[in-house]
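# Understanding the architecture of this molecule
Take a look at the letters that make up each chain.
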Amino acid sequence: MFKDLFQILIFPGLTFLVIFSLFAEYFDRKLYARLQNRVGPPWFQPFADILKLLAKEELIPCEANPRMFKLAPLFAFTAAITAFLYIPLWQIKTLFSFNGDVLVVLYLLTIPTLSFFIGGWYSTSLFARIGSVRSMTQLFAYEVPLFMGILSSALLANTWNLKEIALFYSAHPWFWLFNLPGFCIALIALLGKLEKVPFDIPEAETEIVAGSFTEYSGKLFAFLKLTLDIEMVVGAALLAAVFFPFGLQMNPFAGFVLFLLKIIFIVFLLSLLRTVMARLRIDQMIDFCWKYLVPLAFVQILLNLAVKGVILK
Amino acid sequence: MGVVTKAVNWARIKSPWILHFNTGACNACDIEIIATLTPRYDLERFGVQLKGTPRHADVLVCSGPVTRQIKDRLVRIYEQMPEPKFVVAVGTCACSGGVFQDCYNVMSGINAVIPVSLFIPGCPASPKAIIDGVVKLLQSLEESEAKK
Ligand code: SF4
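Here is a short report on the structure shown in this document. (Residues numbered from 1 in each chain as written. Chains lettered and ligands numbered in written order. Predicted model: local features only at pLDDT ≥ 70, side-chain atom pairs only at ≥ 80, totals over all residues. Heavy atoms only, no water.)

Quick look at the overall build of chain A now. From N to C terminus, chain A includes twelve helices and zero strands. Each helix and strand of chain A, placed in order from N terminus to C terminus, yields the pattern α-α-α-α-α-α-α-α-α-α-α-α. In terms of overall dimensions, chain A is globule-like: its C-alpha atoms have a radius of gyration of 19 Å, near the 20 Å expected for 313 residues. With the C-alpha coordinates aligned to their principal axes, the bounding extent of chain A is approximately 65 × 50 × 40 Å. (Helix = DSSP H or I, 4+ residues; strand = E, 2+ residues; numbered from the N terminus. Rg over C-alpha atoms; globule rule 2.2 N^0.38 Å.)

Below, the structure written as structure tokens:
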């Protein structure tokens, strides 16, 4: 009981995750700045931002529905943190494991997007509503390739349990190489989930102010910002667990360092992609996801089925 | 002063998010403000970020004299910002009305309508002057917090 609470609230749960995700945000912003030939923010910048937002006044528009408006950020925050508890971090075993947990993690990662939609919709501002509708439209485009990419790896391992996926790949060390196309697909789809450039259409600052977040201020906005950061770390951890499942049997310390390196590597790829690309239009984004990503994901699934039939038999 | 207040003040000084609003400028001051935010001067070093909505902003950066038509909008945007908030007037027009003073459609400087914390003169104010002004504002906040 006490151990469970410690794991959920302190390590590797809430406290560790918040600090690590703020660090990941710093890494992302600094890299973005360096790639643009700037100096970039100092290391404490994300912490200062969050602390300042927590201490600010929070305004609730009088036309908004106060209960939904306040609950949406909390739902998003909780769902993102809960998803982290099911992912194998530096060893094969996870904190809480059951059959089908990879699907649960994927659905838990969908809840923040739904909460953004609800929060934006109930704030009744025009910009927030347009942003919400766009984030829903985008959800239907990137969610399918993301699921297909991640589940293709699970298909090869013949299980929908993250722990057994890790077990399978440590029994067959080099099999993760087959999943590299799936990794690219999932990485691009993750950009859409995190609403980063080139898929930052829902919060396009130059068109619709700040999308669903337009009316949020103070603490509530701090929670939304934290949710996005945590989603980035959890998404990266999920990709690391599914696509780079090596080095999980080392001693805990080395494994932990390797785990951090894997996440930093994925965050690096995300920042790189967001630096070199510009924002797409919503129709271009949907075209791209359905015309190119989904067929590619099908090819990945066929490849994995072939591998399963030919090599594993 | 408790540790929490100290930490919060530190965070406020380290992370000023700005909102840029043209209250009737001839556009030269706006161009200079935009130039200040480009990678050349890199204001993100000081934690400054340009925000699109008054709800997220701490500092309202205004340029130009207040015209009669924009007055209500300016007050509305100011009221939409959450406390604590500051206003910076960039350019001679924003400080006093400048060359547009006494025009039939102009109400003089920003502080005729909303309280202003910092005036940055210049026609237009150069990016360096704007950065210097912002740093001075942050310093004065630090000093006034230290005195408390
Ligand atoms: S101060 Fe000069 S440059 Fe700025 S708005 Fe006034 S006239 Fe234009």
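Listed by partner, the interface residues are 27 residues for chain B and 29 residues for chain A. The junction of chain B with chain A conceals about 2,400 Å² of combined surface from both sides, 58% of it contributed by carbon and sulfur atoms. A per-residue breakdown of the area chain B buries against chain A is headed by B:Glu44, B:Arg55 and B:His56, which together make up 26% of the total. Counting across the chain B and chain A interface gives six salt bridges. Note that B:Glu44 is salt-bridged to A:Arg29, the shortest N-O span being 2.9 Å. (Contact = heavy atoms within 4.5 Å. Buried area = accessible area lost by both parts, 1.4 Å probe. Salt bridge = Lys/Arg side-chain N within 4 Å of Asp/Glu carboxyl O.)

The subject of this paragraph is the sheet that holds strand β2 (residues 49-50) of chain B. Residue and element names in this part refer to chain B. Strand order across the open sheet formed by five strands is β2-β1-β3-β4-β5, with parallel pairing between neighbours. Whereas interior strands pair on both sides, the edge strands pair on one side only; in this sheet they are β2 and β5 (118-120). Two strands pair when backbone bridges link them, and strand β1 (residues 17-22) and strand β3 (residues 59-63) are joined in this way by five bridges, in the parallel orientation. Each bridged residue has a counterpart across the sheet, and for His20 the counterpart in β3 is Val61. (Pairing = 2+ DSSP bridges.)

Residues and elements named next belong to chain A. Close contact between helix α2 (residues 14-35) and helix α3 (residues 45-54) brings their axes to 8 Å; oriented N to C, the two are set at 120°. As judged from the angle between their axes, α2 and α3 are oblique. Across from Ile19, Leu22, Glu25, Tyr26 and Arg29 in α2, the residues of α3 making contact are Gln45, Pro46, Phe47, Asp49 and Ile50. A per-class count over the contact of α2 with α3 returns six nonpolar, one polar and three charged. (Axes fitted to C-alpha atoms, helices over the stretch in contact; angles between N-to-C directions. Parallel < 35°, antiparallel > 145°, perpendicular 65-115°, else oblique. Nonpolar A, V, L, I, M, F, W, Y, C, P; charged D, E, K, R; others polar.)

Within this structure, the stated rule accounts for zero disulfides over all chains. Unpaired in terms of disulfides, A:Cys184 finds its nearest cysteine sulfur in A:Cys289, a separation of 14 Å. (Disulfide = S-S within 2.5 Å.)

This brings us to the site of the ligand. All names here are of chain B. With respect to spatial proximity, the complete set of residues near the ligand consists of Ala25, Cys26, Ala28, Cys29, Gly91, Thr92, Cys93, Gly122, Cys123 and Pro124. Listing elements by their share of the shell around the ligand, those giving two or more residues are α2 (28-36) and α4 (92-96). Class assignment of the residues belonging to the shell around the ligand gives a composition of seven nonpolar, three polar and no charged. (Near = heavy atom within 4 Å.)

Next up on the list: the layout of surface pockets. In this structure, the largest pocket occupies an estimated 1,400 Å³ of space. Taken together, 39 residues line the largest pocket, and the ones lying closest to its centre are A:Tyr32, A:Glu205, A:Arg274, B:Gln49 and B:Lys51. At the level of elements, α2, α9 (205-208) and α10 (218-243) of chain A together with β2 of chain B are the ones that each hand at least two residues to the lining of the largest pocket. Sorting elements by how many residues they give to the lining of the largest pocket places α10(A) first, with five residues. Grouping the constituent residues of the lining of the largest pocket by class yields 16 nonpolar, seven polar and 16 charged. By volume, the second largest pocket is sized at about 290 Å³. Residue lining of the second largest pocket: 18 residues in total, with A:Pro61, A:Ser125, A:Glu215, B:Arg55 and B:Gln80 positioned closest to the centre. For the lining of the second largest pocket, the leading source of residues is helix α3 (residues 71-80) of chain B, giving three residues. (1 Å grid on protein atoms, 1.4 Å probe; cavity = no way out; pocket = protein on both sides within 12 Å on 5 of 7 lines; lining within 4 Å. Points joined across faces, edges and corners; volume = space filled by probe spheres on them.)

What follows covers the side chain of A:Asp49. Counting through the fold element by element, A:Asp49 comes out in helix α3. If sequence neighbours within four positions are ignored, A:Asp49 has contacts with A:Arg29, A:Lys225, B:Ser15, B:Trp17 and B:Gln49.

Let's shift gears to the packing of helix α6 (residues 126-157) of chain A against helix α8 (residues 180-193) of chain A. Residue and element names in this part refer to chain A. The N-to-C vectors of α6 and α8 enclose an angle of 150°; their axes lie 8 Å apart at closest approach. Between α6 and α8, the angle is such that the two are roughly antiparallel. At the point where α6 passes α8, the crossing takes the left-handed sense. Contacts between α6 and α8 involve Gln138, Tyr142, Glu143, Pro145, Leu146, Gly149 and Ile150 from the former and Gly182, Ile185, Ala186, Ala189, Leu190, Gly192 and Lys193 from the latter. Grouping the amino acids of the contact of α6 with α8 by side-chain chemistry returns eight nonpolar, four polar and two charged. (Left-handed = near helix turned anticlockwise from the far one by under 90°.)

Bringing the packing of aromatic side chains into the picture now. Using the criterion set out here, one finds 16 aromatic pairs over all chains in the structure. Measuring from ring centre to ring centre gives 6.4 Å for A:Phe199 and A:Phe288, while their planes differ by 40°; the resulting arrangement is tilted. Of the two residues, A:Phe199 is situated in the loop between α8 and α9 and A:Phe288 in helix α12 (residues 282-310); the sequence distance between them amounts to 89 residues. Ring pairs connect the aromatic residues A:Phe16, A:Phe20, A:Phe256 and A:Phe259, which therefore count as one cluster. Over the face of the ring belonging to B:Trp17 we find A:Lys52, whose NZ or CZ atom lies 3.7 Å from the ring centre. A cation sits over an aromatic face here: A:Arg129 above A:Trp121, 4.2 Å from the ring centre. (Phe/Tyr/Trp six-rings, centres within 6.5 Å; stacked < 30°, edge-to-face > 60°. Lys NZ or Arg CZ within 6 Å of the ring centre and 35° of its normal.)

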